[in-house]
Amino acid sequence: MGELNVGSHDLPIGAELAAFMTEGWADTRRADPRPLAVSAYTAKRRARLAERFPGEYLVIPSGRLKVRSNDMDYRFRADSAFVYLTGDQEPDDVLVIDPSGSARLLVRPRSARSAGQEFYRDRRYGELWVGRRPDLAEAAALYQVDCAHIDGLADAVPAGKARVLRGVDANVDALISAGDGDTEFATFLSELRLVKDEWEVAELQHAVDATARGFEDVVKALPQALAHPRGERHVEGIFGLRARLEGNGVGYDTIAASGAHASVLHWMRNDGGLNPDELLLLDAGVETDQLYTADVTRTFPLSGRFSPVQRRVYDLVYAAQSAAIATLRPGARFRDFHLAAMRVIAAGLHDWGLLATADIADGRYRRYTLCSSGHMLGLDVHDCAKARAGTYLDGVLEEGQVLTVEPGLYFQPDDLTLPPELWGVGVRIEDDLVITADGARLMSGGLPREASGIEAWLATLLP
């Protein structure tokens, strides 16, 4: 496994201590680990992958630890394609599917206490430093796949030729020569996840439900947040607590944008205060322990009630989102919901005198709304991003797909095309939906969407 990862201030180990550390440990091997619930689905997923590339070696790494600073790593998050196919979330592991379609998971197993110093000296992998890894037998039971030591990777892929998911593990990339088929392989791994199975939909529903509870936590904590000079960070922290209590953490950096910050699409600094006369745009999602994430946005008045101007903007975005949701059904084009939302937005802006025409053909409406109105959702917040346009952006919706619908209006504080009362007003409403046999189910319906419902929700939760 290579050299030990020890810190610059690590103390030397004498022979007597080294010998003493190998003795007197109880046997803590798990006799019969319960298989992960997802293992009932991962074998089917691997079979579909092998069927697409018959007679070939297929290599999918989990990824490696990444340095945050000096000898401190970021918290590890395994590659989504790897997790989808295995359920394994350990660093340095590699899935290999051979030409017959058989799968083998090459893992870095728990280091033995009877030999070597890794378990107590290695700051990256040592059990006494970072916790326990499964041994080979435990891994095989957990993931329901044949497991072997990662040191055998070179032998597991004869002549080093295979299709590889590249850019995940530099060691794997260096070991196996790049081939013309690697891009096609990455594309299919993305497209494989476009339609969710029932286990995935349940995971995503759990993520959405936990996210709704996190939004409620934020509202209850608003008095404290309003009193703090960095109220946006108070909001971020309150939601982050819920995400850690009910899942792995947040699925992406929380956007807690107050006032004019709401007109910045990905405001993640969250260093501003909260003004009771302004809106708060909260875009946040809990990621489950199995790494599926929600993605929900609500924009609400910090005073508890929308001002007339705020309500006018909010109602237009709500009408746009409602029009978009109404288009969702199997066979509809993926782009239809965005176009439906933008027609409503453009018509509203035209009625307000901001656009000369309600026709979206010239694109001028985009000055005020900027981006697309939704995306696929799953293990990644922007899921299946490497899928071909023909199967995703230019494709049609299928039962079992999960996506967000999130139109918005973002009026910049320095935009002289706007009347002053609109300067710095930003509104986004984002919900998660699963495509059903005859339409779509609103997964995030536990949170109100309509303005009056938002105000009633705030009144119920605020002290």
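Our subject is the structure listed above.
Per chain, residues are indexed from 1 in the order of the written sequence. For this predicted model, a pLDDT threshold of at least 70 governs which residues receive local features, and a threshold of 80 or more governs which side-chain atom pairs are given and counted, while totals over whole chains, interfaces and linings are taken from all residues. Side-chain measures were taken over the full set of non-hydrogen atoms in the model, leaving aside hydrogen atoms and water.

A.B. asks: Would you mind going over the packing of aromatic side chains with me for this structure?
C.D. replies: Aromatic ring pairs are reported here in terms of the distance separating the ring centres and the angle at which the planes meet. A pair of aromatic rings is counted whenever rings of Phe, Tyr or Trp (Trp by its six-membered ring) have centres within 6.5 Å, and the orientation is called stacked for planes under 30 degrees apart, edge-to-face for over 60 and tilted otherwise. This model, assessed by the stated rule, comprises 12 aromatic pairs. For the ring pair Y41 and W199, a centre distance of 6.5 Å and an interplane angle of 40 degrees mean the geometry is tilted. Here W199 lies in helix α10 (residues 198-220) and Y41 lies in helix α2 (residues 39-52), a separation of 158 residues in the sequence. This pair shows no difference in class: Y41 is buried, exactly as W199 is. Comment: elements are numbered from the N terminus, with helices defined as DSSP H or I runs of at least four residues and strands as E runs of at least two. Burial here depends on accessible area, computed with a 1.4 Å probe over protein chains only, as a share of the maximum for the residue type. Under 20% is buried, over 50% is exposed, and the range in between is partly exposed.

A.B. asks: Any chance you could explain the pairing of strand β9 (residues 255-258) here in plain terms?
C.D. replies: Put simply, side chains in a regular strand alternate between the two faces of the sheet. By the alternation rule, side chains of β9 split into I255 and A257 and A256 and S258, which are all buried. Direction of pairing for β9 relative to strand β10 (residues 279-284): antiparallel, over a ladder of four bridges. For I255, the partnering residue across the bridge sits in β10 and is D283. Strands were regarded as paired on the criterion that DSSP finds at least two bridges between them.

A.B. asks: Quick question: what am I supposed to make of the pattern of salt bridges here?
C.D. replies: Any two side chains of opposite charge can pair, given that their charged atoms come close. Salt bridge, as used here: a side-chain nitrogen of Lys or Arg that lies within 4 Å of a carboxyl oxygen of Asp or Glu. Taken as a whole, this structure holds 36 salt bridges when the rule is applied. Here R29 and D27 are joined by a salt bridge, their closest N and O atoms 2.7 Å apart. As far as burial versus exposure is concerned, R29 and D27 are alike and both exposed. Measuring nitrogen to oxygen at the nearest pair gives 3.5 Å for the salt bridge that ties R166 to D173. Under the relative-accessibility criterion, R166 is labelled partly exposed at 22%. Through salt bridges with shared partners, a single network forms among R64, D92, R108, E118, R133 and D169.

A.B. asks: Just to check I follow, could you spell out helix α12 (residues 231-246) for this structure?
C.D. replies: A turn of α-helix holds 3.6 residues, and therefore any two residues three or four places apart point the same way. A helix is expected to span 1.5 Å multiplied by its residue count minus one. Taking 1.5 Å per residue as the helical rise, α12 with its 16 residues ought to reach 22 Å, and the 23 Å between its terminal C-alpha atoms agrees with that figure. Taken together, the buried positions of α12 are G231, E232, V235, F239, G240, A243 and E246. In what follows, residue pairs with any heavy atoms lying within 4.5 Å of each other are defined as contacts. Considering only its buried residues, α12 is in contact with α10, α11 (222-227), β8 (249-250), β9, β10 and β11 (286-287).

A.B. asks: What is the right way to look at the layout of surface pockets in this model?
C.D. replies: Where empty space is left in the structure can be found by rolling a water-sized probe over the atoms. Here the term cavity refers to a set of points on a 1 Å grid, laid over the protein atoms alone, in which a 1.4 Å probe fits but cannot get out; the term pocket refers to an open set having protein on both sides within 12 Å along at least five of seven lines, with lining residues being those that place an atom within 4 Å of a point. Grid points are joined across faces, edges and corners, and a volume is the space filled by probe spheres set on the points. Approximately 1000 Å³ is the volume found for the largest pocket. Only α3 (80-86), α9 (182-191), α12 and β8 provide two or more residues apiece to the lining of the largest pocket. Three residue categories are used. Nonpolar comprises Ala, Val, Leu, Ile, Met, Phe, Trp, Tyr, Cys and Pro, charged comprises Asp, Glu, Lys and Arg, and polar comprises the others, including Gly. Taken together, the residues of the lining of the largest pocket break down into 15 nonpolar, 10 polar and 12 charged. As a volume, the second largest pocket reaches approximately 720 Å³. Along its surface, the second largest pocket is lined by 26 residues, and L65, D73, R123, R124 and V130 are the ones closest to its centre. Those elements giving two or more residues to the lining of the second largest pocket turn out to be β3 (72-73) and α5 (127-130). Its residues assigned to classes, the lining of the second largest pocket shows 11 nonpolar, six polar and nine charged.

A.B. asks: Would you explain the sheet that holds strand β6 (residues 146-149) in this entry?
C.D. replies: What holds strands together in a sheet is hydrogen bonding between their backbones, with the strands either parallel or antiparallel. If you walk across this open sheet you meet the five strands as β6-β5-β4-β1-β7, and the pairing is mixed. Unpaired on one side and paired on the other, β6 and β7 (163-164) mark the two borders of the sheet. Sheet topology places strand β4 (residues 94-97) next to strand β5 (residues 103-107); four bridges connect them, and they run antiparallel. Paired with V94 across the two strands is L106, which belongs to β5. To define axes, lines are fitted to C-alpha atoms, for helices over the stretch in contact only, and angles between the resulting N-to-C directions are given on a 0 to 180 degree scale. Of the strands in this sheet, β1 (58-61), β4 and β5 are in contact with α2, which crosses β4 at around 55 degrees. Contacts from helix α6 (residues 136-143) reach β5 and β6 within the one sheet, and its direction differs from that of β6 by about 150 degrees.

A.B. asks: I keep staring at empty space enclosed by the protein and nothing clicks. Help me out?
C.D. replies: All told, the structure shown has two cavities of 30 Å³ or more when counted by the stated rule. One number sums up the size of the largest cavity: a volume of about 40 Å³. By residue class, the composition of the lining of the largest cavity is four nonpolar, no polar and four charged.

A.B. asks: Explain the side chain of S62 here, please?
C.D. replies: Looking at the element boundaries, S62 is found in the loop between β1 and β2 (67-69). Of the residues examined, S62 reaches a relative accessible area of 1% and is grouped as buried. N or O atoms closer than or at 3.5 Å make up a polar contact, with two conditions inside protein: a donor-capable atom paired with an acceptor-capable one, and, for residues adjacent in sequence, both atoms drawn from side chains. A polar contact is formed between the side chain of S62 and the backbone nitrogen of D92, at a distance of 3.2 Å. Leaving out residues up to four positions away in the same chain, S62 has contacts with F76, A78, D79, F82, E90, P91, D92, D93 and V168.

A.B. asks: Would you take a moment to explain unusual backbone geometry for this structure?
C.D. replies: Keep in mind that most residues, glycine aside, have a negative phi and that most peptide bonds are trans. Residues other than glycine seldom take positive phi values, yet N70 does so here, at roughly 50 degrees. Within the secondary structure layout, N70 lies in the loop between β2 and β3. Under the relative-accessibility criterion, N70 is labelled exposed at 68%. Of note in this structure, Q144 is not a glycine but carries a positive phi near 55 degrees. Looking at the element boundaries, Q144 is found in the loop between α6 and β6.

A.B. asks: Help me out: how do you make sense of the nonpolar core in this one?
C.D. replies: Nonpolar side chains tend to gather and get buried jointly when the protein is soluble and globular. Residues enter a nonpolar core if they are buried and are Ala, Val, Leu, Ile, Met, Phe, Trp, Tyr or Cys, with the set joined through side-chain atoms within 4.5 Å. Ranked by internal contacts, the top residues of the largest apolar core, which has 64 residues, are L222, V235, L349, L409, F411 and W457. Here L349 is in contact with L316, L354, L355, Y365, Y368, L409 and F411, once residues within four sequence places are set aside. One finds A50, L142, F185 and V208 within the second-largest nonpolar core, a separate group that totals 45 residues.

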